Amino acid sequence: MRKKLVWGLAASLILSSAALGGCGKKEVTAESIVQQSNETMEKAKSFLADFNMDMEMSMTSGDQSTDMDVAMTGTMQATQEPDVVYMDMTMTSGLFGLSLDMDIYTQAEEDKIITYTGIAGEWMKTEQEGLSQSNLAELQKMFGNGKEMTLAEQTEKIGDKEVYVLTASISGEELEKVMSAMGSMANGLDSMDLSQFQADTCMKVYKDTMFPASITLDMITTGEGMEVDGVVTKIDKMTITVDYKEFDTIDSIEIPAEALAAETIDTNALLEEAETSAQ
């Protein structure tokens, strides 16, 4: 009887200790991970990442239809102060045998974003008004506070590091907000009619540092495309992936003098001209 009493007391003490020990541990949720990752990125001074975009599209004119694949790959560098992004990109298309190298610099100045694009030694400059760019923190802020995300039960490994895996589905309206927040990272994509898309998203976060490891958008269209001069262009599928490689290793990004001297192109006028010709 005494032995049973002793073992019973011991078991009670062990269970109580375990319960009390667990009281101090904060539960890991999608919301807490996203919040910590956002806070970590807000403190970062720079990052280096690989960027990949794969797009499947079709062009239809009457009974004739052509499928085309377009890919854009390269690296991204970004600094916080000053707010500058450099993208070294190559765009390829199997249909036309196209391979085009591009250098894209983006700099935030007060209430506008200035983009310098260099192709084959020629530079052009464009400006967008009323945009705010926080390159380091905005990309993963597309996930909001994380409440709508699902945290995978098991972590994964990237190299020898453990990562949390979070997923969510977002609507076309939410995608438009995402591309606007991404600024130069979505160069050109923010002008598309994204209301016709829906996307599955995946964010991976390093468990030890809470820095993002990768962000992926898998988008499919739900619309009929855009018609210009009798030709309907439809983007059927698009995948964008950003793989983060380094943080706080870049001191500064220098925009070339020839880029700074480039002529400013009025993109609004070009869009209006395209819309007029399409009518």
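This text gives an overview of the structure that appears in the document.

Conventions we followed
- Residues numbered from 1 in each chain as written.
- Predicted model: local features only at pLDDT ≥ 70, side-chain atom pairs only at ≥ 80, totals over all residues.
- Heavy atoms only, no water.
- Salt bridge = Lys/Arg side-chain N within 4 Å of Asp/Glu carboxyl O.
- Helix = DSSP H or I, 4+ residues; strand = E, 2+ residues; numbered from the N terminus.
- Buried < 20%, exposed > 50% of the residue type's maximum accessible area, 1.4 Å probe, protein only.
- Phe/Tyr/Trp six-rings, centres within 6.5 Å; stacked < 30°, edge-to-face > 60°.

Here the focus is the pattern of salt bridges. Applying the stated criterion across every chain, the model contains 5 salt bridges. Of the charged contacts, one joins Lys-204 and Glu-156 as a salt bridge, the two residues approaching to 3.0 Å between their closest N and O atoms. With Lys-204 in strand β10 (residues 197-206) and Glu-156 in strand β8 (residues 156-158), the pair connects residues that are 48 residues apart, well separated along the chain. By relative accessible area, which is 36% here, Glu-156 ends up partly exposed. Here Lys-207 and Glu-162 are joined by a salt bridge, their closest N and O atoms 3.9 Å apart. Separated by 45 residues along the polypeptide, Lys-207 in the loop between β10 and β11 (212-221) and Glu-162 in strand β9 (residues 161-170) bring together distant segments of the chain.

On inspection of all chains with the given rule, the structure shows 5 aromatic pairs. Summarising the aromatic geometry, the rings of Phe-47 and Tyr-244 are spaced 5.2 Å apart at their centres and angled 70° between planes, so their arrangement reads as edge-to-face. With Phe-47 in strand β1 (residues 46-61) and Tyr-244 in strand β13 (residues 231-247), this residue pair connects regions lying 197 residues apart in the sequence. Classification of Tyr-244 by relative accessible area gives buried; the value is 3%. An angle of 10° between the planes, with centres 4.0 Å apart, marks the rings of Phe-211 and Phe-247 as stacked. In this pair, Phe-211 sits in the loop between β10 and β11 while Phe-247 sits in strand β13, placing the two residues 36 residues apart along the sequence. A residue is classified by how much of its surface remains accessible, and Phe-247, at 17% relative accessible area, is buried.

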